[in-house]
Structure formats: structure tokens, C-alpha cells
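# Fold and contact review
Okay, here's what each chain looks like letter by letter:
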Amino acid sequence: QRQDGSSFPLDLSLRVYYRRQRRKFLLTLVDATERKEAQGLLEKHIAKRTEDLQNANQHLVSEVQERQRTEAELRAAHQELIQATKLASLGQLSASIVHELNQPLSAIRYSAHNARQLVDLERIDEARSCLQKTETLADKMAKIINHLKVFSRRAAETLEPVNLTEVTNSALSLFGQRIKRMQCRLDWDKVEPLPLVRGDPIRLEQVIVNLLGNALDAMETAEQPRLNISSHSDNSHLTLTVADNGSGMSDEVLAQMFDPFFTTKASGQGLGLGLSISHKIIRELGGELSADSQPQQGSRIHLTLKLSEKTP
């Protein structure tokens, strides 16, 4: 206590020492008021700082959760846009697809009529031949329809080894009638499968369908349209090139061709999303989509993907 009777904190220390072989004690008394006040202020500051950090951390957690929700919504919207673009591609190909289905359907009807007449005439062997032809045509229609079902379904999130030869042939099958109508020369004679690439077959087919469709659009007015599909691979990547001898593109168009909603087509013939979405799909698969072109000299689109660890 102080002389006025007030209490105060006291620091006391005791030290033993010896002098002339006699044990003595050194007692030190220190008024700890200022130290206690400083310690109290420090503890209050630490508590306030801890509270601020806890609030900041909680705010950061809320922001992270909100960003994660936003990213999930953006991914869902992106997938919906990809799906809508894919279905739009099918819509644009509907005339060709209907023709592809109508031809075997008409042949089936004709074969069935002939088979019935041959059965009535008891010409069984000839009737059996007609029925076999009908079965073959029905299988062809089933393959076309199954291909459309596979193409229109949603893509998987995981990546897998993909045979790009099969994917390209599948995409080309959607343009068979249009290529015939345009009398377009097709240079693509891949019999042996290309090295497997890392990707997703459904999304890759969507990209190649878009590239083929754009190439054919560019050659609609060409006198001798020619579509060339080639490939090149090294130890780590495979590049598939789709080339045409159509109208070509200027440097200004090349600089914007992957931008969303950019299109050189007439109004109502496209939204300008095909190449933009294709570019994003290939980037998501770890690849690259590039182009080179000159006006009136055609265009070349290069699709580069990483090779899969597995081999054909």
C-alpha cells in the first residue's frame, strides 16, 4: 500500500548472495503500476486485433463461398451454352440429316414392297435377298440416329484417351450430303488411327463439326471447293488441320474470329458463338486453336491437343 492507503501492484525479487562466507539476501521491490497498465493496454489491443482478424477471416470465408457459388453458376451457364450451340448445329444440319435418313427409309419401303410380292410369287430366295437389304438399310439408319443421340448428349467432366480419327469421321458423317451437293473434293484418307489425345470425344466432335461447317460455308461460292484434313504429331502433341479454298479472312477478321458474337455471316445465319465456344473448349482440354488465312486464298484452322499417355 501507498502512504495514502491505496493499493498498487508490486514486483518482488529475491536473490541470495554470499559475503565473507555469510549468506545474505537482496530484496528488490518495484512499483509495477505502469507495467500492469501497459500489459492491460497490450492485452486489449491484442483482443481487438484478434476480433478484427476473426471478422476479416469470416468475411473472407463468405467471399470465397460466394465466389465458388458464382463459379459453379458460370460453369453451369457455360455448359448450357455449349449444349445450346450443339443443338443449334444439329438444327442447321437438319436438312442434310433428314436426307440421310430419308434415302434408306425410301429404300426400305421399296425393298419391303418387293419382298412381299416375291413371297406371294413363292420366290423365297429373292425375297430373302430383299429382306437382307432391308436389314442393312435399317442398321444404317440406326447408326445415324445413334450418332445424333451421342452428339446431342452432354459432355463428361473427366478427360480420357480419344481416337481423333474416329471423332473426325463421325463429324464428317453429318456433312456427307452437303459435301455431295457442293461437289466438294474431300482429302481425308486416314485408315490408320491417329495417336490418342487427351480430351473428351463429345466436346471434340462438337469443335470439329463447327470447323467443318465453317469451312463448307466459306466454300459455298467456290468453283471447285476442296476440303483438306491433315495431321501432324510430335512427342507431346497432335495437330489436326482443317483447310479450305474458300473466301479466306483478312488480318482484321483473324484478330477477332474467336471473340464472342463476332461473325462475318449474314444476319440470321449465325450468332458468332461457334468458334468462341470451340476455342474455350479446346483451352479447357489443355490444347490450342489457331488459324491462318488470306483473302480469296482459303483458311487453315489448327487444332492442337496433348497426346495421351496411352497409345492406340
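For the structure, see preceding data.
For every chain, the first residue of its written sequence is number 1, and the numbers climb from 1 along that sequence. Reporting in this predicted model follows two pLDDT cut-offs: at least 70 for local features of residues, and 80 or more for side-chain atom pairs to be given and counted; totals over whole chains, interfaces and linings ignore these cut-offs and use all residues. By convention in this description, side-chain values take in all heavy atoms of the structure and omit both hydrogens and water.

## Things to note about the packing of helix α4 (residues 164-173) against helix α6 (residues 201-218)
Packing of α4 against α6 leaves a shortest axis separation of 9 Å and a crossing angle of 50°. The angle between α4 and α6 places the two elements in the oblique class. By crossing handedness, the relation of α4 to α6 is classed as right-handed. Of α6, the residues touching α4 (which contributes Leu-164, Val-167, Thr-168, Ser-170, Ala-171 and Leu-172) are Pro-201, Leu-204, Glu-205, Ile-208, Val-209 and Leu-212. Lys, Arg, Asp and Glu make up the charged group, whereas Ala, Val, Leu, Ile, Met, Phe, Trp, Tyr, Cys and Pro make up the nonpolar group; the residues left over, Gly among them, are polar. For the contact of α4 with α6, the per-class residue count stands at nine nonpolar, two polar and one charged. Here, axes are lines fitted to C-alpha atoms. For helices the fit covers the stretch in contact, and angles between N-to-C directions go from 0 to 180 degrees. In DSSP terms, a helix is any run of H or I states spanning at least four residues, a strand is any run of E spanning at least two, and both are numbered starting from the N terminus. An angle below 35 degrees is read as roughly parallel, one above 145 as roughly antiparallel, one from 65 to 115 as roughly perpendicular, and any other as oblique. Here is the rule for handedness: rotate from the far helix to the near one, and if that takes an anticlockwise turn smaller than a right angle the crossing is left-handed, while a clockwise turn gives right-handed. Residues count as neighbours in contact if any of their non-hydrogen atoms are within 4.5 Å of one another.

## A few points about the nonpolar core
In plain words, nonpolar cores are sets of buried Ala, Val, Leu, Ile, Met, Phe, Trp, Tyr and Cys residues tied together by side-chain atoms within 4.5 Å. Only protein chains enter the accessibility calculation, which uses a 1.4 Å probe; a residue is then buried when its area is under 20% of its type maximum, exposed when over 50%, and partly exposed in between. Within the largest apolar cluster, 41 residues are counted, with the highest numbers of intra-cluster contacts made by Leu-164, Leu-204, Ile-208, Leu-212 and Leu-240. Counting only elements with at least two residues in this core, the list comes to α4, α5 (176-182), α6, β6 (226-233), β7 (237-244), α7 (251-256), α8 (274-284) and β9 (299-306). Element by element, the count of residues in this core is highest for α6, at eight residues. Ignoring anything within four residues of it in the chain, the contact list for Leu-212 reads Ala-171, Leu-172, Phe-175, Leu-227, Ile-229 and Val-242.

## With respect to the pairing of β7
Here β7 lies mainly inside the structure; seven of its eight residues are buried. At least two bridges found by DSSP between two strands is the condition for calling them paired. Where β7 and β9 come together, eight bridges link them in antiparallel fashion. Bridging across to β9, Leu-238 finds its partner in Leu-305.

## Considering α4
Burial within α4 is extensive, with seven of its ten residues counted as buried. The set of residues buried in α4 consists of Leu-164, Thr-165, Val-167, Thr-168, Ser-170, Ala-171 and Leu-172. Identification of polar contacts relies on pairs of N or O atoms within 3.5 Å, with a donor-acceptor requirement for protein atoms, meaning one able to donate a hydrogen and the other able to accept it, and with residues adjacent in sequence counted only if both atoms are side-chain atoms. The backbone nitrogen of Thr-165 lies 3.0 Å from a side-chain oxygen of the residue at the head of α4, namely Asn-163.

## Quick look at the side chain of Thr-168
With respect to the helices and strands, the residue Thr-168 is situated in helix α4. Classification of Thr-168 as buried rests on a relative accessible area of 1%. In this view, Thr-168 contacts Trp-188, Ile-208, Ile-229 and Leu-240; residues no more than four positions away in its chain are not counted.

## Quick word on α8
When you tally the buried positions in α8, you get eight out of eleven residues, the bulk of the element. Looking only at α8, the buried set comprises Gly-274, Leu-275, Ser-276, Ile-277, Ser-278, His-279, Ile-281 and Ile-282. Where α8 terminates, the next one or two residues include Gly-286, which has phi positive at roughly 85°.

## Considering the packing of α6 against α8
Where α6 contacts α8, the two axes come as close as 10 Å, and the packing angle between them is 145°. Considering only the axes of α6 and α8, their crossing is left-handed. Contacts between α6 and α8 involve Arg-203, Leu-204, Gln-206, Val-207, Asn-210, Leu-211 and Asn-214 from the former and Gly-274, Leu-275, Ile-277, Ser-278, Ile-281, Ile-282 and Glu-284 from the latter. Broken down by class, the residue content of the contact of α6 with α8 amounts to seven nonpolar, five polar and two charged.

## Examining the environment of Arg-185
As for its placement among the helices and strands, Arg-185 is situated in strand β4 (residues 185-187). Arg-185 sits in the partly exposed class, given a relative accessible area of 49%. When the C-alpha atoms of Arg-185 and Gln-224 are compared, they prove to be 7.8 Å apart, with 39 residues separating the residues in sequence. The contact partners of Arg-185, leaving out residues within four places of it in the chain, are Pro-225, Arg-226 and Leu-227.

## With respect to unusual backbone geometry
Residue Arg-20 is not a glycine yet carries a positive backbone phi of 50°. Located in the positive-phi region is Gln-183, a residue other than glycine, with phi close to 55°. For Gln-183, a relative accessible area of 68% puts it in the exposed group.

## Concerning the pattern of salt bridges
For side chains of opposite charge, pairing can occur when their charged atoms come near one another. By convention in these notes, a salt bridge is any Lys or Arg side-chain nitrogen within 4 Å of a carboxyl oxygen on Asp or Glu. Taken as a whole and assessed by the stated rule, the structure comprises 16 salt bridges. Notably, a salt bridge pairs Arg-128 with Asp-125, separated by 3.1 Å at the nearest N-O pair. Of the two residues, Arg-128 and Asp-125 both sit in helix α3 (residues 124-152), three residues apart, roughly one turn of that helix. The partly exposed category is assigned to Arg-128, whose relative accessible area is 44%.

## Examining a nonpolar patch on the surface
Two joining distances apply to patches: 9 Å for like charges and 5 Å for nonpolar side chains (Val, Leu, Ile, Met, Phe, Trp, Tyr), and every residue must have over 30% relative accessible area and no salt bridge. Note that accessible areas follow from Shrake-Rupley with a 1.4 Å probe, and for residues the cover is restricted to the protein chains shown. On the surface, a cluster of nonpolar side chains totalling about 850 Å² of accessible area is made up of Leu-10, Leu-12, Leu-14, Val-16, Tyr-18, Phe-25, Leu-27 and Leu-29. At the level of elements, β1 (10-19) and β2 (22-31) are the ones that each hand at least two residues to the nonpolar patch. Relative to the helices and strands, Tyr-18 resides in strand β1. With relative accessibility at 59%, the residue Tyr-18 sits in the exposed group.

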